[in-house]
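# Close look at the chain arrangement
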Amino acid sequence: MAVTRIVPLVDAGLGNSAYLVDLGDGRALAVDVSRDLRAVEREAARRKLTVAFAADTHLHADFLSGARKLGTWGARVLASAAGGREFAHEGLHDGDEVDLGGLTLRALATPGHTHEHLSLLLSDGSRPLGVFTGGSLLVGSAARTDLVAPDRTEELARAQYASLHRLTTLPDEVSVWPTHGGGSFCAAPAGGERVSTIGREKTTNPLLRVAGEDEFVAALLGPLGSYPAYFRWLGEVNRRGPALHDPALPALDVDRVRALLAEGAQLVDVRPMSRYAAAHVPGSLSIPLRPVFATWLGWLAAPDRPLVVLRDPDQDGDEIRWQALKIGYDNLAGELVGLDAWTAAGHPTAATRLVSPHEVSGRVLDVRQHAEFTAGHLPGATHVELGDLPARAADLPHEPTVVMCGHGERALGAASVLEHAGHRDLAVLTGGPRDWARDTGGTVVTGS
């Protein structure tokens, strides 16, 4: 028997891939799927497949797993026995095999990214076809080991070294199907390709070409940057079992919005940056709806405050809802569609000035990631990562400031955080350092 098709389901915003495996008999295996099962349902329906198996390679920190829900729909849930999951599943140990109806799935213990991590080897008889490596062997890299506990980071990095080398004993032609890829905060920097082979990784992956274990640990841990706050608790939610109920995002009128805000709710404005800059509800948080919306929602919005969403009529409310739910933001109070009803009721609005590179003057605050900042920034710029800004906004000087990032969306989010903290006379650069250098003839500065 041969696999009919393996369908990667890429979440570009989170930088991850799930997989739907057509088992050739009308059934399918789903691997590392999120709580947002829309893509799984769509692809399964298109291929007339029933998801009979749902497997997780590890306790995910960057999204809520959809395996538990698939289990309630009749799928057989497969996960590491060492994970201590508190919902119905079949716990797998190293070497355990699962008959998929002609194909076989074998569990390989590959700790490192998490302590209970499994890679899952898919075989047709005695012939290995490919391995779902989760957060172990990635394309050109390996996933970070600092998410379980700070005091276990080096221990898990050394485990990751052994796990990667275990995987390289598989035949060169075996496909590598990782979960994390470029754009994932779980991964060290990686390229744009999301699948590979064992042979290719043996010859091209820098982490497999270092001299030894100590050098591997230094290479793996050296480039790690910050990660969103929700990474610190989603693994435990996945262990206990994600909620099976998916809250709605009901429509709200202006009076109800004002009442919720008075009670402590957070207003998240998901409109494009030009629309927010022109007029917005004072104190609202700007997170434009785009593929990375979930990441910045989870980094900037408090998980314990009710969320009110303000969107434009042409934006997809269901997409907003699922991006929030897949990272555990079930605290959805509802949505207000458009700003017209707010202004018609006579309620105040605020505006944020957008400036071109030629208009940059005075203090510049760069809110990009550390690696981005050191790669090139404006002379004299102050650096605070956007994820750190809510905790530091009150301590920053209250003076005219141009906020910038790489394009403008993150900078506008930063300006909204600063405005909420009482800062005024803020402007946002519509572009990044390269735009500034190109338009002004200035020279960016590298390093810290």
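The structure displayed is predicted, hence computed values, not measured ones.

The rules behind the values
Residues numbered from 1 in each chain as written. Predicted model: local features only at pLDDT ≥ 70, side-chain atom pairs only at ≥ 80, totals over all residues. Heavy atoms only, no water. Pairing = 2+ DSSP bridges. Helix = DSSP H or I, 4+ residues; strand = E, 2+ residues; numbered from the N terminus. Contact = heavy atoms within 4.5 Å. Axes fitted to C-alpha atoms, helices over the stretch in contact; angles between N-to-C directions. Polar contact = N/O pair within 3.5 Å; in protein donor to acceptor, adjacent residues only side chain to side chain. Buried < 20%, exposed > 50% of the residue type's maximum accessible area, 1.4 Å probe, protein only. Arc of directions from axis to C-beta. Salt bridge = Lys/Arg side-chain N within 4 Å of Asp/Glu carboxyl O. Core = buried A, V, L, I, M, F, W, Y, C linked by side-chain atoms within 4.5 Å. Parallel < 35°, antiparallel > 145°, perpendicular 65-115°, else oblique. Left-handed = near helix turned anticlockwise from the far one by under 90°. Nonpolar A, V, L, I, M, F, W, Y, C, P; charged D, E, K, R; others polar.

### Comments concerning the sheet that holds strand 17 (residues 307-311)
As summarised here, the arrangement of the four strands in space is 16-15-17-18, forming an open sheet in which the pairing is parallel. Of all the strands in the sheet, just strand 16 (285-286) and strand 18 (332-337) have a single pairing partner and so form its edges. Where strand 17 and strand 18 come together, five bridges link them in parallel fashion. Residue V309 lies in a different strand from strand 18, and its bridge partner there is E335. Sheet strands touched by helix 7 (residues 254-262): strand 15 (266-269), strand 17 and strand 18. Its angle to strand 18, the strand with the most contacts, is close to 135°.

### A word on the environment of N16
With respect to the helices and strands, the residue N16 is situated in strand 2 (residues 16-22). Remark: the alpha-carbon pair of N16 and F293, spanning 277 residues in sequence, is separated by 14 Å. Apart from the residues lying within four places of it in its own chain, the contact partners of N16 are L9, V10, D11, D62, F63, T179, H180, S184 and R194. For N16, the side chain forms a polar contact with the side chain of D62, separated by 2.7 Å. Looking at N16, its side chain comes within polar contact range of the side chain of H180, at 2.8 Å.

### Re helix 1 (residues 38-46)
Among the residues making up helix 1, those that are buried are V40, E43 and A44. Looking straight down helix 1, one finds that the buried residues subtend no more than 100° of arc, so they occupy a single side. Projecting away from the buried face of helix 1 at angles above 90 degrees are the exposed residues R42, A45 and R46. Summarising the contacts, the buried residues of helix 1 are in contact with strand 1 (5-11), strand 2 and strand 4 (50-55). Downstream of helix 1 by one or two residues, K48 has phi in the positive range, about 55°.

### Describing the sheet that holds strand 4
Note on sheets: strands pair through backbone hydrogen bonds, and any given pair is parallel or antiparallel. In spatial order, the strands read 1-2-3-4-5-6; together these six strands make up an open sheet with mixed pairing. With partners counted over all chains shown, the strands left at the sheet margins are strand 1 and strand 6 (90-92), one partner each. The average undirected angle you get between the axes of adjacent strands in this sheet is 25°. As judged from the four bridges shared by strand 2 and strand 3 (residues 27-31), these two strands associate in the antiparallel manner. Looking at the pairing, V21 lines up with L29 of strand 3. On the sheet, helix 1 packs against strand 1, strand 2 and strand 4 and is oriented at approximately 150° with respect to strand 1.

### Describing the pattern of salt bridges
For the coordinates displayed, the defined rule picks out 31 salt bridges. Two residues, D246 and K69, come together in a salt bridge whose shortest N-O distance is 2.3 Å. With D246 in the loop between helix 6 (231-240) and helix 7 and K69 in helix 2 (residues 67-72), this residue pair connects regions lying 177 residues apart in the sequence. When the shortest N-O distance is used, the salt bridge between D146 and R144 registers 2.7 Å. A single burial state applies to D146 and to R144, both of which are buried. Each of R35, K69, D246 and D330 takes part in a single network of salt bridges with overlapping partners.

### Observations regarding the nonpolar core
Across soluble globular proteins, nonpolar side chains have a tendency to be buried as a group. Core analysis: the biggest nonpolar cluster contains 49 residues, and I287, L297, L389 and L418 have the highest contact counts within it. Secondary structure elements with two or more residues in this core: helix 6, helix 8 (273-278), helix 9 (293-300), strand 17, helix 10 (317-325), helix 14 (409-420) and strand 23 (426-429). Apart from residues lying up to four places away in sequence, L297 is in contact with V268, I287, L307, A324 and Y329. Judged by nonpolar contacts, the second largest core, of 21 residues, contains A52, F53, L118 and L129.

### So, the packing of helix 3 (residues 153-167) against helix 5 (residues 213-221)
At a closest axis distance of 9 Å, the pairing of helix 3 and helix 5 adopts a crossing angle of 115°. It follows that helix 3 is roughly perpendicular to helix 5 by the angle criterion. Helix 5 is crossed by helix 3, and the crossing has right-handed handedness. Residues T153, E154, A157, R158, Q160, Y161 and L164 of helix 3 form the contact with helix 5, whose own contacting residues are E213, D214, F216, V217, L220 and L221. Partitioning the contact of helix 3 with helix 5 into residue classes produces seven nonpolar, two polar and four charged.

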